[in-house]
Amino acid sequence: MTTPRILPSIDRLRRRPLVRALETEYGREAAVAALRTAASRVREDLTGADTTPIRDREQASAAIEQRAATELAARLEPSLTPVINATGVIVHTNLGRAPMAAAVAERVARLAGGYTNLEYDLTAGRRGARHTHAARLLTQVTGAEAAVVVNNNAAAVLLVLAALADQREAIVSRGELVEIGGGFRIPDILRQSGAVLREVGTTNRTRLADYAGAVNDRTALILRVHPSNFRIEGFTARPDLPELVGLGQRFGLPVVEDLGSGHLTDVSIGGVDEPSVAASVEAGAAVCCFSGDKLLGGPQAGIIVGKEQALSRVQSHPLMRALRVDKMTYAALEATLMEHARGRAEATIPVVRMLATPVREIDTRARDLAGRLEGHSMFGVDVVDGLSTAGGGGAPGSALPTRLARLTPRTHSAARLETRLRGLHPPVVARIEQDRVVLDLRTVLPEQDDLLATALIGLTR
Ligand SMILES: *Cc1c(COP(=O)(O)O)cnc(C)c1O
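Throughout this document, residue positions are counted from 1 along each chain, in the order its sequence is written. Given that this is a predicted model, residues contribute local features only at a pLDDT of at least 70 and side-chain atom pairs are listed and counted only at 80 or more, while totals for whole chains, interfaces and linings are drawn from all residues. Water and hydrogen atoms play no part in the side-chain values, which are based on all heavy atoms of the structure.

Draft legend 1. Seen up close, the overall build of the protein chain. Across its full length, the protein chain holds 19 helices and 20 strands. The principal-axis extents of the C-alpha atoms in the protein chain amount to approximately 95 × 60 × 40 Å. Any residue under 20% of the maximum accessible area for its type is buried, any over 50% is exposed, and the rest in between are partly exposed; the area is computed with a 1.4 Å probe on protein chains only. Here the protein chain holds 461 residues, and the buried ones make up 48% of them. Contacts are assigned to residue pairs that have any heavy atoms within 4.5 Å of one another. Contacts spanning at least 24 positions in sequence make up 74% of the contacts within the protein chain whose residues lie at least 6 apart. Here the accessible surface of atoms and residues is derived via Shrake-Rupley with a 1.4 Å probe, and residues count as covered only by protein chains that are part of the display. About 22,500 Å² of surface is accessible on the protein chain, with carbon and sulfur atoms providing 50% of the total. The centroid of the 56 positive side-chain charges in the protein chain is displaced by 5 Å from the centroid of its 52 negative side-chain charges. Helical segments are the DSSP runs of H or I of at least four residues, strand segments are the runs of E of at least two, and each set is numbered from the N terminus. Under the convention used here, Asp and Glu are negative, Lys and Arg are positive, and both His and the chain ends fall outside the count. Charge positions come from single atoms, namely NZ of Lys, CZ of Arg, CG of Asp or CD of Glu.

Here it is as structure tokens:
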């Protein structure tokens, strides 16, 4: 029987090349702590079951350093990691929403490692205003007078209501008192902002007269919310934006619109019309809010555009300090807006490109993948019709025709196969449909096709 006497000392271990490399990579302290833990585990193995293959000091040393290396790698590994999105949901909130354009990543990398003029006026040589960044590009692409950027769209709505409706009433249709997801409920945000909710109309029908009847001397604004993640169908009515703006003008009230996704140009996505930010600005909304990382395809951000007067109150509100964004967000947002402004978003911004990818292109990629997976030991594969969605509150109810690579497991269940895909490096997130695993290449970056095929080929058992 082997005895713990063959265990090496920590000092002896530290002379080994692999342990030295571990010290260089993770620091002496962490490496030594990991060695101690590993050594005590190996001691337990040695004194416990005599099935351990460790017979001499060299084998014990190797076992300890291996355990230490594994533990250090696992413990000091970042938890945020790239994944392959094969779900067909383009703006997938759980998967980090918009993948960013290559030019955007480059721009962020350029600015992140150094100093910038974030809050410095280079002409005057003194303190400048952070909110000037992205404002010029935003006003250019939306046609608005002014723009402000905050942490996300929930923050944007909160800030706008706090600045423009504090302790006064915001009129909202009952059909728009919605929960967007992730706990973002319009009534709660209103309460948190200090605004007083004034509900009008019914869930399915609200008329202009309902708004008009609710106006009183405590009214601060009219709020309109884009129904991002649902559609009320059938017997429905709501005034359009120009009508609301007309009403607002009659009573001297600003109209604030929470657009949610905020597409820059009018688009029809899978048969659902998605209004553009520019259209809202042009219709006369005093303020429009939208997300930076939904259909715009940029970084997480809340973008507020609108009239100069309203936005200067938003900018000077004390909450602005708590909700402001950092240099990396400005860098990513400006680079994203530049792609839009230059009219090449469809080629360079992944979200826009995925929305526009023709079915035949997806079909070709799916067939190629299926060809490479032919004869796989775990599943059969074929290519079938399917539907992708915009996700993230863009074009609710939209369905984009797509082609799916469908994996039919030979022995295991579809659930088991789907779990195995999530365990790959990088993890592959897919959908289960009718007891099969389906992969929608619309949301897989084309440059990841090869990686995906290789990972799937490598799956055994
Ligand atoms: C998504 C969405 C929000 C929240 O935006 P975040 O950027 O996720 O904070 C608010 N309102 C609407 C209508 C939305 O679709």
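After that view, the rundown keeps rolling.
Draft legend 2. Summary view of the sheet that holds strand 5 (residues 146–150). Only when DSSP finds a minimum of two bridges between them are two strands counted as paired. With mixed pairing, the seven strands of this open sheet are ordered in space as 5-15-14-11-10-6-9. At either margin of the open sheet sits one strand with a lone partner, and together these are strand 5 and strand 9 (196–200). Strand-to-strand twist across the sheet, computed as the mean angle between neighbouring axes with direction ignored, equals 25°. Pairing of strand 6 (residues 169–173) with strand 10 (residues 219–225), which is carried by three bridges, proceeds in the parallel orientation. Looking at strand 10, one finds that I171 is bridged to I222. With respect to the sheet, helix 6 (residues 135–142) is in contact with strand 5 and strand 15 (302–306), its orientation differing from that of strand 5 by roughly 120°. Note on method: axes are straight lines fitted to C-alpha atoms, helices fitted across the in-contact stretch only, with angles between N-to-C directions ranging 0 to 180 degrees. Along the sheet face, helix 10 (residues 241–251) touches strand 10 and strand 11 (255–260) and points at about 180° away from the line of strand 10.

Draft legend 3. Structural context of the pattern of salt bridges. By definition, a salt bridge exists where a carboxyl oxygen of Asp or Glu is found within 4 Å of a side-chain nitrogen of Lys or Arg. Taken as a whole, this structure holds 25 salt bridges when the rule is applied. Residues D363 and R367 are paired through a salt bridge, measuring 3.0 Å at the closest nitrogen-oxygen approach. Of this pair, D363 and R367 both sit in helix 17 (residues 359–372), four residues apart, roughly one helical turn. Each of E119, R127, R130 and R324 takes part in one network of salt bridges that share partners.

Draft legend 4. Quick peek at the pairing of strand 16 (residues 379–391). The sheet contact formed by strand 2 (residues 89–91) and strand 16 spans two bridges and is parallel. Paired with V89 across the bridge in strand 16 is T389. In the sheet, strand 16 pairs with strand 17 (residues 400–409) via ten bridges, with the strands oriented antiparallel. Along strand 17, the bridge assignment pairs L387 with P401.

Draft legend 5. Looking closely at unusual backbone geometry. With an omega dihedral of -5°, the bond running from H425 to P426 counts as a cis peptide bond. Along the polypeptide, P426 turns up in the loop between helix 18 (414–422) and strand 18 (428–429). For R97, which is not glycine, the phi torsion reads 55° and is therefore positive. Relative to the helices and strands, R97 is located in the loop between strand 2 and helix 5 (102–112). By relative accessible area, R97 is classed as partly exposed at 21%. In this structure, A134 is a non-glycine residue whose phi angle is positive, near 70°. By the element assignment, A134 lies in the loop between strand 4 (126–127) and helix 6. A relative accessible area of 1% means that A134 is categorised as buried.

Draft legend 6. Focus on the domain arrangement of the protein chain. Domain limits in this description derive from either an automatic procedure or a database domain assignment. One can read the domain layout of the protein chain as domain 1 (4–76), domain 2 (84–92 + 354–457) and domain 3 (102–348). Relative placement of domain 1 and domain 2: their C-alpha centres are 42 Å apart.

Draft legend 7. A look at the nonpolar core. Membership of the largest hydrophobic core comes to 35 residues, with the highest contact counts inside it found for V150, V160, L190, L221, L223, V287 and I304. The biggest single contributor to this core is helix 7 (residues 153–165), with ten residues. With near-sequence residues (within four places) excluded, V150 lies in contact with A155, A156, L159, A301, G302, I304, M320, L323 and V325. One finds V149, I222, L264 and Y330 within the second-largest nonpolar core, a separate group that totals 34 residues. Buried Ala, Val, Leu, Ile, Met, Phe, Trp, Tyr and Cys residues form a nonpolar core when they are joined through side-chain atoms within 4.5 Å.

Draft legend 8. Structural context of helix 3 (residues 28–47). Across its 20 residues, helix 3 extends 28 Å between first and last C-alpha, which sits within 8% of the 28 Å expected from 1.5 Å per residue. For helix 3, every residue scored as buried is listed here: A30, A31, V32, A34, L35, A38, A39, V42 and L46. Those residues of helix 3 that are buried lie in contact with helix 1 (10–13), helix 2 (17–26) and helix 4 (57–75). By definition here, a helix of n residues has an expected span of 1.5 Å times n minus one.

Draft legend 9. Region of interest: the environment of I180. Relative to the helices and strands, I180 resides in strand 7 (residues 179–181). Here I180 falls in the partly exposed class, since its relative accessible area comes to 21%.

Draft legend 10. Fine view of helix 12 (residues 308–315). Those residues of helix 12 that fall on the buried side of the exposure criterion are A310, L311 and V314. Along the axis of helix 12, the buried positions cluster into a sector of 95°, meaning they face one direction only. Those residues of helix 12 that are buried lie in contact with strand 5, helix 7, strand 14 (287–291), strand 15 and helix 13 (319–323). Think of it as the arc spanned by the lines of direction from the helix axis to the C-beta atoms.

Draft legend 11. Structural detail: the packing of helix 7 against helix 12. Packing of helix 7 against helix 12 brings their axes to within 9 Å, and their N-to-C directions diverge by 105°. Taken together, helix 7 and helix 12 sit at an angle that is classed as roughly perpendicular. Across the interface between the two elements, L159, V160, A163 and L164 of helix 7 pack against A310, R313 and V314 of helix 12. For the contact of helix 7 with helix 12, the class distribution of residues is six nonpolar, no polar and one charged. Roughly parallel means an angle under 35 degrees; roughly antiparallel means over 145; roughly perpendicular covers 65 to 115; every other angle is labelled oblique. Each residue receives one of three labels: charged for Asp, Glu, Lys and Arg, nonpolar for Ala, Val, Leu, Ile, Met, Phe, Trp, Tyr, Cys and Pro, and polar for the others, Gly being one of them.

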